[in-house]
Amino acid sequence: METQEQTMNVMPRIGDQAPDFTAVTTKGTIKFSDFAKDKWVILFSHPADFTPVCTTEMSGFAKRKSEFEALNTELIGLSIDSIHSHLAWVNNVKNNTGVYFDFPIIADIDMKVSKLYGMLQPNESETAAVRAVFFIDPSKKIRLVMYYPLNVGRNMDEILRALEALQVSDENGVAMPLNWKKGDKVIIPPPKNLDEMNDRLNDDSCERVDFYLCKKDL
Ligand code: BEZ
């Protein structure tokens, strides 16, 4: 019997634990809670195999897999296609372009995982998952969610930038300003009381606009 969450097509939110599932993938059957232990995970959906935008996106993930690995991150894709379709598409793209999708792609033919992750958005498509990206940390908590429509491909630079921003933020207890990229100054959390405010106003080690907006180099 389906659980309530499976039937409701809920949209998991930032801060939620990533829903667990077991699924058939191009790398064999995977239980998500056992996948990529102690690593970050990028779980992403695409609308359909053998479609043009999806082919560019999957190729983008495949070509930059080593950059995700350098950020201690595993990729796992998904669409509502059969495992046979996935295998044929992976082989077709490899033969046509030399790009090999060397990460698991979930064959979500019963839409179980798509429903768990709110990837089915019927006013956009009744038959395909939208382009979702879930950034999941090593404790399997959802940290960032992107949803794109069927007709606009995602931006791989932004996915990698946001992933690195999350990790650097966690590691240093800082926040990231507009357009932050590696090497840029970061934002020091604002003071929480008057003593901290006065200290901050006298702190010349940071780049200060005012007490609530101070940046520093890492
Ligand atoms: C595409 O990836 O090109 C695509 C997939 C589904 C609907 C529209 C476009």
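Residues numbered from 1 in each chain as written. Predicted model: local features only at pLDDT ≥ 70, side-chain atom pairs only at ≥ 80, totals over all residues. Heavy atoms only, no water.

1. Here's the deal with the overall build of the protein
Helices and strands together make up the secondary structure of the protein, namely 7 helices and 10 strands. Along the first, second and third principal axes, the C-alpha set of the protein runs to 65 × 40 × 35 Å. Relative to its full complement of 218 residues, the protein shows a buried share of 43%. Excluding contacts between residues fewer than 6 apart, the proportion of contacts in the protein whose partners are at least 24 apart in sequence is 67%. Accessible surface, the protein as shown: approximately 11400 Å² in total, 51% of it carbon and sulfur. Where the 25 positive side-chain charges of the protein centre and where its 32 negative ones centre are 3 Å apart. (Helix = DSSP H or I, 4+ residues; strand = E, 2+ residues; numbered from the N terminus. Buried < 20%, exposed > 50% of the residue type's maximum accessible area, 1.4 Å probe, protein only. Contact = heavy atoms within 4.5 Å. Areas by Shrake-Rupley, 256 points an atom, 1.4 Å probe, with all protein chains shown as cover. Lys, Arg positive; Asp, Glu negative; His and termini not counted. Charge placed at Lys NZ, Arg CZ, Asp CG, Glu CD.)

2. Considerations on the sheet that holds strand E9 (residues 207–210)
Strands sit in the order E8-E10-E9 across an open sheet of 3 strands; the sheet is antiparallel. Only two strands of the sheet have a single partner each, and these edge strands are strand E8 (186–187) and E9. When E8 meets strand E10 (residues 213–216), the two strands line up antiparallel, connected through 2 bridges. Looking at E10, one finds that Val 186 is bridged to Lys 216. (Pairing = 2+ DSSP bridges.)

3. Let's talk about the pattern of salt bridges
In the structure shown here, the tally under the stated rule is 18 salt bridges. Of the charged contacts in the structure, one is a salt bridge between Asp 102 and Lys 27, with a shortest N-O distance of 2.4 Å. Placement of the pair is Asp 102 in the loop between helix H4 (83–97) and strand E5 (105–107) and Lys 27 in the loop between strand E1 (22–25) and strand E2 (28–31), with a sequence separation of 75 residues. Classification of Lys 27 as partly exposed rests on a relative accessible area of 48%. Of the charged contacts, one joins Lys 181 and Asp 184 as a salt bridge, the two residues approaching to 3.3 Å between their closest N and O atoms. A single network of salt bridges, built from pairs that share partners, joins Lys 27, Lys 65, Glu 69 and Asp 102. (Salt bridge = Lys/Arg side-chain N within 4 Å of Asp/Glu carboxyl O.)

4. Observations concerning the site of the ligand
Taken together, Pro 47, Thr 51, Pro 52, Val 53, Cys 54, Arg 131 and Leu 150 make up all the residues around the ligand. Between the ligand and Thr 51 there is a distance of 3.0 Å, counted from an oxygen atom to a side-chain nitrogen or oxygen. At a separation of 3.1 Å, an oxygen atom of the ligand approaches a polar side-chain atom of Arg 131. For the ligand, the accessible surface in isolation is 260 Å², of which the surrounding protein chains cover 74%. (Near = heavy atom within 4 Å. Polar contact = N/O pair within 3.5 Å; in protein donor to acceptor, adjacent residues only side chain to side chain.)

5. Here we look at the domain arrangement of the protein
Along its sequence, the protein is carved into domain 1 (4–154) and domain 2 (173–216). Centre-to-centre, using C-alpha coordinates, domain 1 lies 36 Å away from domain 2. (Domains from an automatic or database assignment.)

6. Quick word on the pairing of strand E6 (residues 131–136)
Most of E6 sits inside the fold, with 6 of its 6 residues counted as buried. Of the two faces of E6, the one carrying Arg 131, Val 133 and Phe 135 and the one carrying Ala 132, Phe 134 and Ile 136 are both buried. When strand E3 (residues 40–45) meets E6, the two strands line up antiparallel, connected through 4 bridges. By the bridge assignment, Val 41 is partnered in E6 with Ile 136. Between E6 and strand E7 (residues 142–148), which pair antiparallel one after the other, the connecting turn spans 5 residues, and Lys 140 there sits at a positive phi close to 65 degrees.

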